[in-house]
Amino acid sequence: LVLSLAWLGPALGGEDKDEEVVEEEEKEKNEDEVLSDEIEEEDNVLVLHEHNFAHALREHQLLLVEFYAPWCGHCQQLAPAFAQAATELRNESSPARLGKVDATAQKALATEFGITSYPTLKLFRDGNRTHPLAYTGRMDSQGIVRWMQRRAGPSATLLQDTDTIAAFVNSQDLVVVGFFKDLRGEAAQAFFELAAEMVDLMFGVAEAAELFQAYGLSADTVCLFKKFDERQTNFPVDPARGLDMAELSQLLRIHSLQLVMEFTNETSNQIFGAKIPHHMLLFLNKSSSEQLSLRDSFRAAASGFRGKVLFVVVDVTGHGADVLPFFGMTAADAPTLRLVKMENNRKYQMEQDNFSDLAIRTFIQAVLEGKVKPHLLSAEPPEDWDTRPVKVLVGKTFEKVAFDETKNVFVKFYAPWCPHCQAMAAAWEELAERYKDREDIIIAEMDSTANELENITIHGFPTLHYFPAGPGRRMVEYKSTRDVETFSKFLENGGTLPEEPPVSEVTEQPPCPGQSPAPAG
């Protein structure tokens, strides 16, 4: 518009610009100023967009960029930690800097870097914008700083003599030292790469023959030194396979944990981050000396299961009080034992608690061999569970209602604290009201935090399943729009949605991580 009016101006015989043209040119000038290649900062975080992104990559050797959405709660939660990390790195004169891009406004950048969820963090090194590295660290200021520091300098400290390595080993509760005959070889390079990822551990590296001899080694070996349990754990490098980073990472995670962990605020990330498939839990009251003595036999049972089962002591009067509802327990139930299969949260318990190390080992082995049925939680059914439009199911009543061959049953599995569940509650009630007089349709709900089912595992909330009438125990997961009209079409069409003509294009906001994408609409 501005260009066309400027071209017409002389032909019309006027030299003065009219008010509208001046306003348009001023607007264009302001936009150019905002979107120049100059880089502004907010709390030491570079504010990046399409016009200054290349400039930022040229100026900064290491640039960690957060792609965010202003409306995303996870992004808002990360912002103070991200700014604090940016400030710490700036204050220590690190070559690493932090930047941010509003991916909802800078769509070209979001498309170029494949941004599908928020926040997404990517590291750009040496100005290369074609192969950014995905951020793999913790989402707190200390985690971000450590992750960047490992990439700004050597990821492992070179240890050249016995005094240096002894001081390094004694400097922390846990340190990792790689002994390699050739620091330029493939195994050593993989070790350096692993050290850059595992920022919560200190890594050193040694090449001198005298150091191999001092620690009883003859070939390339990674050693974990710790001030608890066994003091030195060796992981020899297989000459044929080389150093498998994923395998070594898991071994270091497992052996970095104490043989028996105590569940606290400080250890919870370690416990769940180790990805050990089963957790054996001893619930006790630490104020009772009699209950505390049970830890000895619990520890004695643990050594044979390292890597397969993590043994954890849970104080029911301390940090562990918060997890008791997950097990359907109260503090009065202590002392007691539970085994949890982590992939599906199935819980197992002894018919009668026996705290001897032999009994614990025998019980665990039976669970691992599939000889013990899971212990399933169930609330008591409310007296009026079937008098309201939405029928209230519990673990004890689910089978009878959901698999009634004469009924089509539509069930919402929810968590009371879930905001998505709360948002669709009114629609679910309205749906139930609409079908309350239909003998063949039941609209129901079940609190999945208080009730568990043997053959159905709920991974997110809300989850909607339809159980059609007839034989066969069939189940259909509903994955479409959560509104009354779409629910109704689904029911009237026998548990499927009628095919609709294709829509030209629908642009949806990517979900924040940690939640399922909300269905369109």
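Here, the structure is the one placed above.
Residues numbered from 1 in each chain as written. Predicted model: local features only at pLDDT ≥ 70, side-chain atom pairs only at ≥ 80, totals over all residues. Heavy atoms only, no water.

1. Quick notes on the overall build of the protein chain
For step 1, the next point in the chain: Along the backbone of the protein chain there are 17 helices and 21 strands.
For step 2, the next point in the chain: Scored against the burial criterion, the 521 residues of the protein chain give a buried share of 43%.
For step 3, the next point in the chain: Long-range contacts, defined as pairs at least 24 residues apart, comprise 68% of the intrachain contacts of the protein chain with a sequence gap of at least 6.
For step 4, the next point in the chain: If you sum the accessible surface of the protein chain, you get close to 28,100 Å²; carbon and sulfur atoms cover 49% of it. (Helix = DSSP H or I, 4+ residues; strand = E, 2+ residues; numbered from the N terminus. Buried < 20%, exposed > 50% of the residue type's maximum accessible area, 1.4 Å probe, protein only. Contact = heavy atoms within 4.5 Å. Areas by Shrake-Rupley, 256 points an atom, 1.4 Å probe, with all protein chains shown as cover.)

2. Comments concerning unusual backbone geometry
Trans peptide bonds make up most of the peptide bonds, and negative phi angles are found at most residues other than glycine.
For step 1, the next point in the chain: With omega at -15°, the peptide bond leading from Y118 into P119 counts as cis.
For step 2, the next point in the chain: On the secondary structure map, P119 appears in the loop between α5 (107-112) and β5 (120-125).
For step 3, the next point in the chain: The omega torsion across F461 and P462 is -15°, close enough to zero to call that bond cis.
For step 4, the next point in the chain: Inspection of the secondary structure assignment puts P462 in the loop between β19 (441-447) and β20 (463-467).
For step 5, the next point in the chain: Positive phi values are uncommon outside glycine, yet D43 reaches one of about 55°.
For step 6, the next point in the chain: Its place among the elements puts D43 in the loop between β1 (40-42) and β2 (45-48).

3. As for the nonpolar core
For step 1, the next point in the chain: Ranked by internal contacts, the top residues of the largest apolar core, which has 23 residues, are V176, F180, F191, F203, V222, L243 and L252.
For step 2, the next point in the chain: Those elements that provide at least two residues to this core are β8 (174-179), α8 (186-197), β9 (202-206), β10 (221-226) and α10 (245-256).
For step 3, the next point in the chain: Those residues in contact with V222, other than ones at most four positions away along the chain, are V176, V177, G178, F180, F191, T233, N234, F235, L243 and L248.
For step 4, the next point in the chain: Counting residues in each nonpolar core, the second largest holds 22 residues, with V313, L337, Y348 and I364 among its members. (Core = buried A, V, L, I, M, F, W, Y, C linked by side-chain atoms within 4.5 Å.)

4. Details of empty space enclosed by the protein
For step 1, the next point in the chain: As enumerated under the stated definition, the model contains one cavity of 30 Å³ or more in all.
For step 2, the next point in the chain: For the largest cavity, the calculated volume is near 60 Å³.
For step 3, the next point in the chain: Every residue lining the largest cavity is listed: I254, L257, Q258, L259, I276, A302, R306, G307, V309, L310 and F311.
For step 4, the next point in the chain: The dominant element in the lining of the largest cavity, judged by the number of residues it contributes, is strand β14 (residues 309-315), at three residues.
For step 5, the next point in the chain: Taken together, the residues of the lining of the largest cavity sort by class into eight nonpolar, two polar and one charged. (1 Å grid on protein atoms, 1.4 Å probe; cavity = no way out; pocket = protein on both sides within 12 Å on 5 of 7 lines; lining within 4 Å. Points joined across faces, edges and corners; volume = space filled by probe spheres on them. Nonpolar A, V, L, I, M, F, W, Y, C, P; charged D, E, K, R; others polar.)

5. Digging into the sheet that holds strand β12 (residues 260-262)
For step 1, the next point in the chain: Pairing within the open sheet is mixed, and its five strands lie in the order β12-β14-β13-β15-β16. In the strand order of this sheet, the two ends are held by β12 and β16 (346-348), each with one partner. Adjacent strand axes in the sheet meet at a mean angle of 30° when their direction is disregarded.
For step 2, the next point in the chain: Pairing of strand β15 (residues 336-341) with β16 involves three bridges; the strand directions are antiparallel. Bridging from a neighbouring strand, V340 pairs with K347 of β16.
For step 3, the next point in the chain: Docked against the sheet, helix α13 (residues 295-302) engages β12, β13 (278-284), β14 and β15, running at close to 165° with respect to β14. (Pairing = 2+ DSSP bridges. Axes fitted to C-alpha atoms, helices over the stretch in contact; angles between N-to-C directions.)

6. Some details on the packing of helix α16 (residues 419-434) against helix α17 (residues 484-492)
For step 1, the next point in the chain: In the contact formed by α16 and α17, the axes pass within 9 Å of each other and the chain directions differ by 45°. It follows that α16 is oblique to α17 by the angle criterion. Considering how the two elements wind past one another, α16 and α17 form a crossing that is right-handed. On the side of α16, the interface is formed by M424, A427, W428, E430, L431 and R434, while α17 contributes V484, E485, F487, S488 and L491. (Parallel < 35°, antiparallel > 145°, perpendicular 65-115°, else oblique. Left-handed = near helix turned anticlockwise from the far one by under 90°.)

By themselves these figures say nothing about function.
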